[in-house]
Amino acid sequence: MIGCRHTIVAVACVVAATVSWAGAAELDEIQSRRELVWAGDQEGGGPHVFPDPANPRRLTGFEVEFAKLLAGELGVKARFQQGQWDRLPLLLDQSVDCVINGLELTPERRRDYGCSRPYFGYALQMVGRRAAPPATLADLAEPGPSGAWRIGVLTGSAAEIEMRARAARGEAQIEVIGYDGTLDSMEQVQTGVLDAAVLDDCIVAFYADRFAGLRNVDRPFAGGLYTVLTSHRTPKLAAAIDEAIGRLIADGRLKTLYDRWDLAGRQQMLMLRDAAEIPVARGRTLGELLRQALPLLLSSAGMTVLLSCTAFPLAVAAGLAVAVGRLYGPAWLRPLLTGYVEVLRGTPLMLQLYAIFFLLPKIGLALPALAAAIIGLALNYSAYESEIYRAGLKAVPLGQFEAALSLGLTKWQALRHVLVPQAVRIVMPPVTSDFIALFKDTSVCSAITVIELTKRYSVLALSTGRIVELAVVTAVLYLCMSWPLALLSRWFESRLDRPAEGGP
Amino acid sequence: MKGMANRMIEVDSLTKQRAGRPVLDAVSLRGTEAGVTVLVGASGSGKSTLLRCLNGLEIFEGGSITIAGHRLAAGGQSTVGLDDLRRDVGMVFQQFNLFPHLSVLDNVMLAPRVVSKLPVEEARSRAVDLLDRVGLSAFAAARPATLSGGQQQRVAIARALAMRPRVMLFDEPTSALDPTMTSEVLEVIVDLAKGGQTMVVVTHDYGFAKRAATWVVELAAGRVIRQGTATEVLP
């Protein structure tokens, strides 16, 4: 009993310690644990944070060195925490103390987070293919050779905000396509899927050699400043970071760092010294928020419905064909179909979508994102549907097949008129349930730039800071769509629960 | 062997093994060229397996079968496609095996429509006639599951007859039925026999065998131990 009580106390202590530790730490806590945890995204992250090509287990980048300097000023060591770029600020509620990863200083960020004084100035740079339009930024005012210019940006970046604003104001005839990875848009320009991409100038300069087929279009434009993000709950840390940056600028250590990365000029330093105050954005009421967000969420829900309602019938048809082929097809076909099912079931949907969208263009087959998403979902789910149909076909009693054959039906006629119609009734409940699963899996398609409901939520939540309210609205929208499917599924089941048909 | 071409059923030295053990051992039949042949014997004697060999549902390793003018040889070889052979050889199963997703009428119409490509009207009138003949025209629109076992078996007979087979095979057609339903099914089979339908019936029902059989074959452990008329073979 005593031992038991001790265990309970110990568990309670651990839980309490964990709870109090969750979220960013304040300055004194950081100094007592002698470690500043900072977050960034190393995927395609040059020159900010990226794996050292000479030793990929080691991180390098000007922000890695900057974080080290910053931590040194606080008297602690720096520790890196990996995160997905457009979700980095959310990590401040988890286990990181600050975010240092090319986050632009904006009024919205100042409202929602602690923003340090700027540590770097950037401008946007457009890149296109060599010897291909557009030749200048001004060219975007008129449509390109094949309609609206297709412009790639990093999702959630200042480039996305800037280009969408230009499109909305009618200044540019462009379709803006958001990518999760920094380099995805440059890849897509190179393969010809996009006309141009817009990125921070330091990124373009850093990767210029890798993308030798690309060129800078026009001069840098629409600049801004990078800030270190902290939580509003750690004001002492924020103040200490501001002071540290001030010292790094004043004594030239930041310039030395940037010189080494070939990022600095006198102008850069003057700009940082004189950086203007960015105003704090005004909070919005829930009504204002919904008026702005709901139409966007609804149209993205439409995309979710479009994806599921086109991909699923394709998946069911392909799955049925695969199941029939595996059970009744020629012997040489069966191992091929088994391989098809195992490969598609055994690899992540996200990877399959990437392969279709990013790799096929390399062999000259560039699919629009929507088509790639539908094909990817249909292929992936066809593997699951085929397994369901295989079980369904096996569940039809052998006597049914024999009775059909005895009447002179061929194998295929027996399948079509006797076995498949019965199997379809057997598999209806699991197939309907898979439809609901696919319906939710459509959110993975945001990885290849299709903006469906979850992606739209994520973008809106981060830009407005209303994470909880919008999550509730989004969940309600999902339920409104999946509830009828659940009812349909239950109806099928009730039909099948009726007394068994067939023999005595 | 005079009149060989007219003989409906001929079984010669049929041998079949399952898991290394013989289930049919040099089975040859005489006197089965027409009329009603009844196969009797204990469970496991091989009589159902023999019947299923006759329409190619089972393949065999040795011997040959000639049925309705088609020849079946060892290893599943046949002179025509099995589906062609089966058009001429109808089969009725112990468990009926009606198609549960189709109405009674559609069960009977399916093969004429799909296999013989009959126009809908012709297939329907043929099916209606057959259901009338087995006394079930009132149940044309019903689902098989709503019928009694005896009614289901009569539908199964009508379904097999819809292809106008030259030979009918019955695999213990009444074993799953109670006595009342048994007699209603047997009446239908006896009527068919009187009409000159060539058939092979696997049964335990000696009463039926004595009434209808023109030839009785008794099997034990995969071998023919007696064959002859009902009075010669049955106790």
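How each quantity is defined
Residues numbered from 1 in each chain as written. Chains lettered and ligands numbered in written order. Predicted model: local features only at pLDDT ≥ 70, side-chain atom pairs only at ≥ 80, totals over all residues. Helix = DSSP H or I, 4+ residues; strand = E, 2+ residues; numbered from the N terminus. Buried ≥ 20, exposed ≤ 12 C-beta atoms within 10 Å, placed from the backbone. Contact = placed C-beta atoms within 7 Å. Pairing = 2+ DSSP bridges. Axes fitted to C-alpha atoms, helices over the stretch in contact; angles between N-to-C directions. Domains from an automatic or database assignment. Nonpolar A, V, L, I, M, F, W, Y, C, P; charged D, E, K, R; others polar. pLDDT = per-residue confidence, 0-100. Parallel < 35°, antiparallel > 145°, perpendicular 65-115°, else oblique. Left-handed = near helix turned anticlockwise from the far one by under 90°.

Student: Even after reading the chapter, I still don't get the overall build of chain B, so can you show me in this structure?
Tutor: Assigned secondary structure in chain B consists of eight helices and 10 strands. Across its three principal axes, chain B shows a C-alpha extent of roughly 45 × 40 × 40 Å. Looking at the 235 residues of chain B, the share that counts as buried comes to 47%. Considering only residue pairs separated by 6 or more positions, chain B has 64% of its internal contacts joining residues 24 or more positions apart.

Student: Would you take a moment to explain the overall build of chain A for this structure?
Tutor: A tally of helices and strands in chain A yields 18 helices and 12 strands. Across its three principal axes, chain A shows a C-alpha extent of roughly 95 × 80 × 50 Å. Buried positions account for 41% of the 504 residues belonging to chain A. Within chain A, residue pairs in contact and separated by at least 24 positions form 76% of the contacts whose partners lie at least 6 positions apart.

Student: Would you explain the sheet that holds strand 11 (residues 214-226) of chain A in this entry?
Tutor: Strand pairing in a sheet relies on backbone hydrogen bonds, with the paired strands running either antiparallel or parallel. All names here are of chain A. On the basis of which strands lie adjacent, the open sheet formed by five strands has the order 9-8-10-7-11 and mixed pairing. Two strands bound the open sheet, and with one partner strand each, they are strand 9 (174-179) and strand 11. Here the strands of the sheet are splayed against their neighbours by 25 degrees on average, with no regard to which way each runs. Pairing of strand 8 (residues 149-154) with strand 10 (residues 196-200) involves two bridges; the strand directions are parallel.

Student: What should I look at first to understand the sheet that holds strand 7 (residues 167-171) of chain B in this one?
Tutor: Residue and element names in this part refer to chain B. Taken in spatial order, the six strands line up as 6-7-8-3-9-10 in an open sheet, and their pairing is mixed. Only two strands of the sheet have a single neighbouring strand rather than two, namely strand 6 (89-92) and strand 10 (223-228). Direction aside, the axes of adjacent strands within the sheet are offset by 15 degrees on average. Sheet topology note: the strand 7/strand 8 (residues 198-202) ladder contains five bridges and is parallel.

Student: Is there a simple way to think about the domain arrangement of chain B in this case?
Tutor: A common way to state how big an interface is: give the accessible area lost once the parts meet. All names here are of chain B. Annotation of chain B at the domain level lists domain 1 (1-88 + 166-230) and domain 2 (98-164). For domain 1 versus domain 2, the separation of C-alpha centres amounts to 24 Å. If you look at the interface, domain 1 gives nine residues, while domain 2 gives 10 residues. Across the side of domain 1 that touches domain 2, the residue classes tally to seven nonpolar, no polar and two charged.

Student: Can you help me understand the interface of chain B and chain A in this one?
Tutor: In this assembly, 23 residues from chain B lie in contact with 21 residues from chain A. For the side of chain B that touches chain A, the secondary structure elements donating two or more residues are helix 2 (82-87) and helix 3 (104-114) of chain B.

Student: Hey, could you run me through helix 15 (residues 398-406) of chain A in this one?
Tutor: Since the α-helix packs 3.6 residues into each turn, any two residues three or four apart lie on the same face. Among the residues of helix 15 of chain A, Phe401, Ala403, Ala404, Leu405 and Ser406 of chain A are the ones counted as buried. Buried positions along helix 15 of chain A lie against helix 16 (411-441) of chain A together with helix 2 and strand 6 of chain B. Two residues or fewer after helix 15 of chain A comes Gly408 of chain A, characterised by a positive phi angle close to 100 degrees.

Student: Hey, could you run me through unusual backbone geometry in this one?
Tutor: Excluding glycine, residues mostly carry a negative phi; peptide bonds, for their part, are mostly trans. Across the junction of Gly46 of chain A and Pro47 of chain A, the peptide omega takes the value -5 degrees, indicating a cis bond. Along the chain, Pro133 of chain A connects to Pro134 of chain A via a cis peptide bond; the corresponding omega equals 0 degrees. Structurally, Pro134 of chain A can be placed in the loop between strand 7 (120-129) and strand 8. One non-glycine residue with positive phi stands out, namely Ala131 of chain A, at about 60 degrees. The phi angle at Phe96 of chain B is positive, at roughly 65 degrees, despite the residue not being glycine. Within the fold, Phe96 of chain B resides in the loop between strand 6 and helix 3. We classify Phe96 of chain B as buried; it has 27 C-beta atoms within 10 Å.

Student: Explanation requested: the pairing of strand 1 (residues 9-18) of chain B in the structure shown.
Tutor: Each regular strand carries side chains that alternate between the two faces of the sheet. All names here are of chain B. Bridging between strand 1 and strand 4 (residues 62-67) involves five bridges; their strand directions are antiparallel. The residue bridging Asp12 from the neighbouring strand is Ser64, located in strand 4. Note: strand 1 against strand 2 (residues 21-27), four bridges, orientation antiparallel. Directly across from Lys16, in strand 2, lies its bridge partner Leu24. Counted along the chain from strand 1 to the antiparallel partner strand 2, the turn is two residues long, and its residue Ala19 has a positive phi close to 50 degrees.

Student: I would appreciate a short explanation of the confidence of the model for chain A in the present structure.
Tutor: Interpreting fine coordinate detail is not advised for predicted regions of low pLDDT. Residue and element names in this part refer to chain A. Averaged over chain A, the pLDDT score is 86; the fraction of residues at 70 or greater is 91%. When the elements of chain A are averaged for pLDDT, helix 1 (residues 2-21) gives the smallest value, 48, and strand 5 (residues 98-99) the largest, 96. Contacts for the low-pLDDT stretch residues 13-21, under 50 throughout, to residues beyond four places or in other chains number zero contacts. Low pLDDT, under 50, characterises residues 499-504; the stretch is placed with 12 contacts to residues that sit more than four places away or in other chains.

Student: What am I meant to see in the domain arrangement of chain A here?
Tutor: According to the domain assignment, chain A consists of domain 1 (24-119 + 227-273), domain 2 (121-225) and domain 3 (286-496). Computed over C-alpha atoms, the centres of domain 1 of chain A and domain 3 of chain A are 42 Å apart.

Student: I keep staring at the packing of helix 3 of chain B against helix 5 (residues 149-161) of chain B and nothing clicks. Help me out?
Tutor: The geometry of a pair of packed helices is captured by two quantities: the angle between their axes and the separation between those axes. All names here are of chain B. Interaxial distance between helix 3 and helix 5 falls to 8 Å at its minimum, and their mutual angle equals 25 degrees. Taken together, the axes of helix 3 and helix 5 lie roughly parallel to each other. Between helix 3 and helix 5 lies a crossing whose hand is right-handed. Note on element contacts: helix 5 touches helix 3 through Val155, Ala158 and Arg159, opposite Val104, Asn107 and Val108.

Student: Hey, could you run me through the packing of helix 15 of chain A against helix 16 of chain A in this one?
Tutor: All names here are of chain A. Put simply, helix 15 and helix 16 touch, their axes get as near as 10 Å, and they point 160 degrees apart. By the criterion of interaxial angle, the relationship of helix 15 to helix 16 is roughly antiparallel. Judged by the twist between their axes, the crossing of helix 15 over helix 16 is right-handed. In this structure, helix 15 contributes Gln400, Phe401, Ala404 and Leu405 to the contact, and helix 16 contributes Ala414, Val418, Leu419 and Gln422.

Student: For this particular structure, what's the right way to read the pairing of strand 3 (residues 36-41) of chain B?
Tutor: Residue and element names in this part refer to chain B. Most of strand 3 is tucked away: six of the six residues are buried. Of the two faces of strand 3, the one lined by Val36, Val38 and Val40 and the one lined by Thr37, Leu39 and Gly41 are each fully buried. Relative to strand 8, strand 3 runs parallel, the two sharing four bridges. Pairing of Val38 across the sheet is with Val201, part of strand 8.

Student: Where do I start with the environment of Gly20 of chain B in this structure?
Tutor: Secondary-structure assignment places Gly20 of chain B in the loop between strand 1 and strand 2. In sequence terms Gly20 of chain B and Ile59 of chain B are 39 residues apart; their C-alpha atoms lie 15 Å from each other.

Student: I tried to follow the environment of Phe401 of chain A on my own but got confused; where do I start?
Tutor: For Phe401 of chain A, the position within the fold is in helix 15. Taking the C-alpha atoms as reference points, Phe401 of chain A and Ala414 of chain A, 13 residues apart in sequence, are found 6.5 Å from one another.

Student: I would appreciate a short explanation of the confidence of the model for chain B in the present structure.
Tutor: Residues and elements named next belong to chain B. A residue-level look at chain B finds 95% of positions with pLDDT of 70 or above and a mean pLDDT of 89. In the predicted structure, residues 1-5 sits below a pLDDT of 50 and forms zero contacts with residues beyond four places in sequence or in another chain. Predicted as a complex, the structure gets a pTM of 0.72 and an ipTM equal to 0.93.

Student: How should I be thinking about the environment of Ala317 of chain A in this particular structure?
Tutor: Residue and element names in this part refer to chain A. Inspection of the secondary structure puts Ala317 in helix 11 (residues 286-328). For Ala317, a count of 13 C-beta atoms within 10 Å puts it in the partly exposed group. Separated by 12 residues in sequence, Ala317 and Gly329 place their C-alpha atoms 16 Å apart.

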